[in-house]
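Observations on chain architecture
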Amino acid sequence: MKKYLSIITLTVTALFVSCSDSLDRFPVDQLVEETAFRTVADLQLGLNGAIGNYTPNQLVAFNSIFTDNAQIGDDNGGQELNTLNQILNADGGDRGLWLSRYSAMNDFNRLFASAAGITPEFGEEEQYNNILAQSYAFRALMHYELLLYYGEDMSDPSAPGVPYVDYVSADATPPRNTTGEVLTAIQEDLDTALSLLPAGSNDINFVTPDFITFLRARIALESGDYPAAIGFASTIISNYPLANTAQYLDMFREDADTTEVIWKYDSVQGFNLGLNFIWNFTGPGPFIEMSDELAAAYPPSDIRGIVNIDEASTPSEGIYIIGKYPINADTQAINDFKAMRVSEAYLIRAEAYARTTQFNLAAGDVFAVRSARDGAAFMPGYPNIQSALTDILAERRLELSFEGHRYTDIKRMRSVLNTGIQRIESDCQGAVPCNLPVNSEKWIFPIPTSEINANPNITQTTGY
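A quick note: this is a predicted structure, and the numbers were derived from the prediction, not measured. (Residues numbered from 1 in each chain as written. Predicted model: local features only at pLDDT ≥ 70, side-chain atom pairs only at ≥ 80, totals over all residues. Heavy atoms only, no water.)

1. Quick notes on the side chain of Asn57
When you line up the elements, Asn57 lands in helix 3 (residues 57-65). In this structure Asn57 comes out as buried when scored by relative accessible area, which is 18%. When neighbours within four sequence positions are excluded, Asn57 is seen to be in contact with Leu273, Leu275 and Ile278. (Helix = DSSP H or I, 4+ residues; strand = E, 2+ residues; numbered from the N terminus. Buried < 20%, exposed > 50% of the residue type's maximum accessible area, 1.4 Å probe, protein only. Contact = heavy atoms within 4.5 Å.)

2. Quick look at the packing of aromatic side chains
Within the structure shown, the criterion is met by 23 aromatic pairs. Ring geometry for Tyr54 against Phe138: centres 6.2 Å apart, planes inclined by 65°, an arrangement best described as edge-to-face. Taken as a pair, Tyr54 in the loop between helix 2 (40-53) and helix 3 and Phe138 in helix 6 (residues 125-150) lie far apart in primary sequence, 84 residues in all. Grouping residues by exposure puts Tyr54 and Phe138 together as buried. Geometrically, the ring pair formed by Tyr407 and Phe445 is tilted, given 6.0 Å between the ring centres and 50° between the ring planes. (Phe/Tyr/Trp six-rings, centres within 6.5 Å; stacked < 30°, edge-to-face > 60°.)

3. Points about the packing of helix 6 against helix 8 (residues 209-223)
One can describe the packing of helix 6 onto helix 8 by two numbers: an axis separation of 11 Å at closest approach and a directional angle of 20°. Compared by their axis directions, helix 6 and helix 8 come out roughly parallel. Here helix 6 and helix 8 pass one another in a crossing that is left-handed. Listed contacts from helix 8 to Ala137, Ala140, Leu141, Tyr144 and Leu148 of helix 6 are Phe211, Leu215, Arg218, Ile219 and Glu222. Partitioning the contact of helix 6 with helix 8 into residue classes produces 8 nonpolar, no polar and 2 charged. (Axes fitted to C-alpha atoms, helices over the stretch in contact; angles between N-to-C directions. Parallel < 35°, antiparallel > 145°, perpendicular 65-115°, else oblique. Left-handed = near helix turned anticlockwise from the far one by under 90°. Nonpolar A, V, L, I, M, F, W, Y, C, P; charged D, E, K, R; others polar.)

4. A look at helix 16 (residues 406-417)
Of all 12 residues that make up helix 16, 9 are buried, and the element is covered over most of its length. Every buried residue belonging to helix 16 is among Arg406, Tyr407, Thr408, Asp409, Ile410, Lys411, Arg412, Met413 and Leu417, and all of these are buried. Contacts made by the buried residues of helix 16 are with helix 3, helix 6, helix 8, helix 13 (342-355), helix 15 (385-400) and strand 5 (421-422).

5. Observations concerning the nonpolar core
The tendency in soluble globular proteins is for nonpolar side chains to be buried as a group. By size, the foremost hydrophobic cluster in this structure holds 124 residues, and its most contacted members are Tyr150, Phe211, Trp279, Met290 and Val342. Tallying contributions element by element places helix 6 first for this core, with 16 residues. In this structure Tyr150 touches Asp94, Leu97, Trp98, Gly161, Val162, Arg176, Ile444, Phe445, Pro446, Ile447, Pro448 and Thr461, once residues within four positions along its chain are discounted. Listed in part, the 8 residues of the second largest apolar core include Ile204, Tyr248, Met251 and Val307. (Core = buried A, V, L, I, M, F, W, Y, C linked by side-chain atoms within 4.5 Å.)

6. A short note on the packing of helix 5 (residues 97-115) against helix 6
The contact between helix 5 and helix 6 brings their axes to 10 Å, and the two run at 155°. Relative to helix 6, the element helix 5 lies roughly antiparallel. For the pair helix 5 and helix 6, the sense of crossing is left-handed. Here helix 5 contributes Leu97, Trp98, Arg101, Tyr102, Ala104, Met105, Phe108, Asn109, Leu111, Phe112 and Ala115 to the contact with helix 6, which in turn contributes Tyr128, Leu132, Ser135, Tyr136, Phe138, Arg139, Met142, His143, Glu145, Leu146, Tyr149 and Tyr150. Grouping the constituent residues of the contact of helix 5 with helix 6 by class yields 17 nonpolar, 3 polar and 3 charged.

7. Here we look at unusual backbone geometry
Within the chain, Glu80 stands out as a residue other than glycine whose phi angle is a positive 65°. Looking at where Glu80 falls in the secondary structure, it is placed in the loop between strand 1 (70-72) and helix 4 (81-84). Notably, Asp255 is not glycine yet its phi reads approximately 55°, a positive angle. Examined against the element boundaries, Asp255 turns out to sit in the loop between helix 10 (245-252) and strand 2 (261-265).

8. Side note on the environment of Cys428
Mapping Cys428 onto the fold places it in the loop between strand 5 and strand 6 (435-436). On a C-alpha basis, the gap between Cys428 and Ser291 in space is 9.2 Å, while along the polypeptide they are 137 residues apart. Setting aside residues up to four positions removed in sequence, Cys428 forms contacts with Arg423, Pro433 and Cys434.

9. Describing the confidence of the model for the protein
With 92% of its residues at a pLDDT of 70 or more, the protein shows a mean pLDDT of 91. The low-confidence segment residues 1-31 (pLDDT under 50) makes 86 contacts with residues lying over four places distant or belonging to another chain. (pLDDT = per-residue confidence, 0-100.)

10. Notes on the pairing of strand 2
With 5 of its 5 residues buried, strand 2 lies for the most part within the structure. Where strand 2 lies against strand 4 (residues 337-341), 3 bridges are found, and the strand directions are antiparallel. Across the sheet, Trp263 pairs through a bridge with Met340, a residue of strand 4. (Pairing = 2+ DSSP bridges.)

11. Examining the pattern of salt bridges
Under the criterion given, the structure shown has 28 salt bridges. In this structure, Glu260 engages Arg373 in a salt bridge whose closest nitrogen and oxygen atoms are separated by 2.9 Å. Of the two residues, Glu260 is situated in the loop between helix 10 and strand 2 and Arg373 in helix 14 (residues 359-373); the sequence distance between them amounts to 113 residues. Its relative accessible area of 0% is what places Glu260 among the buried residues. We classify Arg373 as buried; its relative accessible area is 0%. A single network of salt bridges, built from pairs that share partners, joins Glu260, Asp302, Arg304, Lys324, Arg341, Arg370, Arg373, Asp391, Glu395, Glu399 and Glu403. (Salt bridge = Lys/Arg side-chain N within 4 Å of Asp/Glu carboxyl O.)

Below, the structure written as structure tokens:
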């Protein structure tokens with residue numbers, strides 16, 4: 001169930017503020033909060049709107065089109081060529097991720113500022129606390145995504161990170177916080193969210209305790225804390241079964257199954273994500289197609305090939321239409337985005353096992369996912385970390401394609417595998433580049449020019 005259609009519209013400026021414990025600092029535009037939010041019910045509407053303004057579309061699009069998962073489509077008329085051509089610069093190459101996340105973060109910080117002046121009535125305490133818990137957790141998620149793309153090294157606490165935003169201000173000009181400072185603040189937000197969540201919180205359309213555990217597993221893997229990644233992923237795995245092939249098909253067709261879903265972004269008519277239209281015209285003519293290489297990587301017995309390759313595709317002509325988020329009966333492609341699934345937890349744990357030379361355990365986790373999707377799957381064997389990570393990367397590609405992971409997966413493993421993005425010849429026709437080198441500056445996003453011009457204290461990403 002999603003209630004995002006009720007949105008409080010606030011006139012705001014995109015805000016970038018310093019890292020400090022400043023929730024007690026009254027925002028510059030306090031009249032807006034005091035006028036818009038007077039009751040817990042108002043806060044609830046504000047929360048629904050803030051969550052609704054968070055979108056995964058930028059990450060889903062970038063991770064597929066920028067990498068080896070996509071190629072120019074048969075019906076392309078110029079759409080997405082900059083991303084396909086791996087143009088990543090400070091003048092918009094980040095697909096607006098910086099502005100999107102900080103603007104949405106501002107919505108949550110307004111809720112904190114407003115909530116401080118509202119006393120819940122009898123019987124509203126649980127709802128009030130849940131609103132705060134949701135806001136803390138989403139603020140943590142957005143800081144993590146910003147750090148993942150704009151931070152210069154997730155595994156180095158002293159590396160330049162991103163500004164940590166914890167209050168509303170119309171004119172702050174903060175420098176970057178270090179990676180360590182941002183990660184510490186993220187964990188504090190998650191701790192607070194967990195302490196405020198009402199008992200029995202289990203609505204997978206919103207933050208739950210498992211949402212927090214799952215996000216911590218991702219953070220631990222990206223920051224190189226492999227024992228923690230194993231522990232957090234194991235907790236998720238113990239709580240959720242893998243979907244069988246029928247359930248997997250239903251999960252992506254009409255959103256009919258949520259067996260293995262920890263958190264999904266609920267999409268409804270009038271405020272839908274329209275994920276299908278990242279690659280396809282209505283109809284479903286493709287302006288961006290699945291790459292030939294990825295299409296060939298799905299064994300015929302693998303249910304993921306049936307889900308990801310639209311039945312309207314014509315393989316004999318080399319046209320593979322991306323079908324993971326199909327056109328529904330109302331033709332609006334209103335598909336929920338399954339942002340956290342237990343299969344990813346298996347693959348997080350597999351990689352963490354491999355990084356700590358527990359190769360048999362890593363192989364077991366990969367096989368668990370592979371065999372759930374393909375009855376003909378075989379148990380892999382890993383003699384060393386290179387073979388393990390190569391196979392885990394390949395499995396993540398099949399399992400998580402078009403879900404916003406491919407670029408960051410290659411980025412995270414490239415130092416061990418010494419491999420960047422490599423497109424086969426048929427996927428890089430014309431001027432489309434076939435390779436992105438391991439040492440390219442494009443593995444880290446540049447700070448947008450608009451932010452550099454407005455903020456004298458921010459430093460540009462190294463290499464731009």
